[in-house]
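# Remarks on the overall topology
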Amino acid sequence: MATIAFIGLGHMGGPMALNLIKAGHALRVFDLAPAALEAAKTAGAQVAANPAEAVQGAEVVITMLPASRHVEGVYLGDSGLLTHIAQGTLVIDSSTIAPATSRKVGEAARARDIAFIDAPVSGGTAGAAAGTLSFMVGGSAEHFARAQPYLEKMGKNIFHCGDVGAGQVVKIANNMLLAIHMAGTAEAIALGVANGLDPKVLSDVMSKSSGRNWSLELYNPWPGVMDNVPASRAYEGGFGSALMLKDLGLATEAALASGSPIPLGELARNLYSMHCQDHAGLDFSSIVKMYTQG
Ligand code: NAD
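Neighbouring the ligand are 25 residues, the closest being His11, Met12, Asp31, Pro66 and Lys246. Protein contact buries 86% of the 830 Å² of open area that the ligand shows by itself. Contributing elements (two or more residues each) for the shell around the ligand: helix H4 (68-75), helix H6 (124-130) and helix H11 (241-258). Split by residue class, the shell around the ligand holds 13 nonpolar, nine polar and three charged. Residue-level mapping places the shell around the ligand at the junction of two domains, with at least three residues from each of domain 1 (3-163) and domain 2 (169-292).

Another aspect to go through is the domain arrangement of the protein chain. Domain boundaries assigned for the protein chain yield domain 1 (3-163) and domain 2 (169-292). Computed over C-alpha atoms, the centres of domain 1 and domain 2 are 28 Å apart. In this complex, domain 1 contributes 14 residues to the contact, which on the side of domain 2 involves ten residues. Summed over both sides, the interface of domain 1 with domain 2 buries roughly 860 Å², with 70% coming from carbon and sulfur. Applying the counting criterion to the domain 1 and domain 2 interface returns zero salt bridges. Taken together, the links from domain 1 to domain 2 amount to three residue pairs in polar contact (both at pLDDT 80 or more).

By size, the foremost hydrophobic cluster in this structure holds 34 residues, and its most contacted members are Phe6, Met16, Leu27, Ile92 and Phe135. Not counting residues up to four positions away in its chain, the partners in contact with Met16 are Phe6, Met64, Ser94, Val121, Ala128, Leu133, Phe135 and Met154. Core analysis: the second largest hydrophobic core is formed by 32 residues, Ala190, Leu216, Val229 and Ile287 among them.

Both trends apply: most residues other than glycine have a negative phi, and most peptide bonds are in trans. Non-glycine residue Asn228 carries a positive phi angle of around 60 degrees. Inspection of the secondary structure puts Asn228 in the loop between helix H10 (214-218) and H11. Classification of Asn228 by relative accessible area gives exposed; the value is 74%. Even without being a glycine, Ala234 presents a positive backbone phi close to 55 degrees. One can find Ala234 in the loop between H10 and H11.

With that settled, consider the layout of surface pockets. In this structure, the second largest pocket occupies an estimated 270 Å³ of space. Gly106, Arg110, Phe116, His143 and Val164 are the residues nearest the centre of the second largest pocket, which is lined by 15 residues in total. If you list the elements that add at least two residues to the lining of the second largest pocket, you get helix H5 (99-111), strand E6 (115-118) and helix H7 (141-151). If one sorts the elements of the lining of the second largest pocket by residue count, H5 sits on top with four residues.

Attention shifts here to the pattern of salt bridges. With the rule as written, the count across this model stands at six salt bridges. Glu107 serves as the salt-bridge partner of Arg110, at 2.9 Å between the closest nitrogen and oxygen. Here Arg110 and its partner Glu107 are both found in helix H5, three residues apart, which amounts to about one turn of the helix. Between Asp204 and Lys200 there is a salt bridge, and its shortest N-O distance comes to 3.5 Å.

Here we take up the environment of Val288. Secondary-structure assignment places Val288 in the loop between helix H12 (263-279) and helix H13 (289-292). Along the chain, Val288 and Ala231 lie 57 residues apart, while their C-alpha atoms are 9.3 Å from each other. When sequence neighbours within four positions are dropped, the list of residues in contact with Val288 reads Ala186, Pro221, Trp222 and Tyr235.

Bringing the packing of H4 against H5 into the picture now. As a packed pair, H4 and H5 sit with axes 10 Å apart at the nearest point and diverge in direction by 10 degrees. Considering the angle they form, H4 stands roughly parallel to H5. Between H4, through Ser68, Val71, Glu72 and Tyr75, and H5, the contact on the second element is made entirely by Thr101, Lys104 and Val105. Of the residues contributing to the contact of H4 with H5, the split by class is three nonpolar, two polar and two charged.

Parameters at a glance
- Residues numbered from 1 in each chain as written.
- Predicted model: local features only at pLDDT ≥ 70, side-chain atom pairs only at ≥ 80, totals over all residues.
- Heavy atoms only, no water.
- Near = heavy atom within 4 Å.
- Areas by Shrake-Rupley, 256 points an atom, 1.4 Å probe, with all protein chains shown as cover.
- Helix = DSSP H or I, 4+ residues; strand = E, 2+ residues; numbered from the N terminus.
- Nonpolar A, V, L, I, M, F, W, Y, C, P; charged D, E, K, R; others polar.
- Domains from an automatic or database assignment.
- Contact = heavy atoms within 4.5 Å.
- Buried area = accessible area lost by both parts, 1.4 Å probe.
- Salt bridge = Lys/Arg side-chain N within 4 Å of Asp/Glu carboxyl O.
- Polar contact = N/O pair within 3.5 Å; in protein donor to acceptor, adjacent residues only side chain to side chain.
- Core = buried A, V, L, I, M, F, W, Y, C linked by side-chain atoms within 4.5 Å.
- Buried < 20%, exposed > 50% of the residue type's maximum accessible area, 1.4 Å probe, protein only.
- 1 Å grid on protein atoms, 1.4 Å probe; cavity = no way out; pocket = protein on both sides within 12 Å on 5 of 7 lines; lining within 4 Å.
- Points joined across faces, edges and corners; volume = space filled by probe spheres on them.
- Axes fitted to C-alpha atoms, helices over the stretch in contact; angles between N-to-C directions.
- Parallel < 35°, antiparallel > 145°, perpendicular 65-115°, else oblique.

Laid out in structure tokens, this is it:
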């Protein structure tokens, strides 16, 4: 069993760390939020006073932070974490961030003989708790193979997507598509309801017809159509609209960098940008409020 430093114990990182503890690993954790540290300590983790202390003696370092600036802030700079991590250590960053930031941190790690992979996830907080996340990994085949036994304790589907940064590109493309079909699903149900249809009947029919998609079938945005989804608990928990807006911003950056047209992705970003003015903290399926004035 390994000693693992885990930094960033939020909605996703907290339950992911817990699954590594359950698998028998020794966890040394750090987060800026005292409540997150307390929960990890209760679960058996050793709490560090700062990130540098967390990585002392660790064979593996995992980060699960909100955005690019947090990852850069933690790893890079004169006293950044890379200056404290021992040569040969495996570093796994599971945050969803810009591919360019992953490559920048990856380059800095390689210069110090530290193995680095980007490994963003899909599957939400439920998948993090159940240990059924999908991991989209960017890095060398050798580093991917080294990471696999640890990722398998937190996820079910582990994909090697290419070199460092490739995991982020997959994640960004996936979430852009997710935002588009969530908004489209909300729009279609709102249209049906405004024309007298029962939202459940409409959803059942479309789920068996050519409009079927994940948002409709597994994460229905209309309240009352489906149990155990954020729409049926006032859009609490789940994947925050603000995080979806961040991911759509990453899609825009990637599109600008490559000269790719993403008209639907841009439309979705604008919808989420307006939506976040009042509902940033609600699950992203609350985009249905744009169509119902709710
Ligand atoms: P979160 O805001 O709940 O957690 C982030 C944690 O990082 C917080 O506990 C915060 O205190 C900590 N943190 C921030 N800066 C830090 C620093 N410098 N040092 C130590 N800790 C620091 O976010 P989350 O929902 O857990 O998401 C994390 C990442 O996973 C994001 O990139 C998000 O886009 C991605 N993601 C989230 C979901 C989801 O459903 N929530 C799903 C897939 C991917």
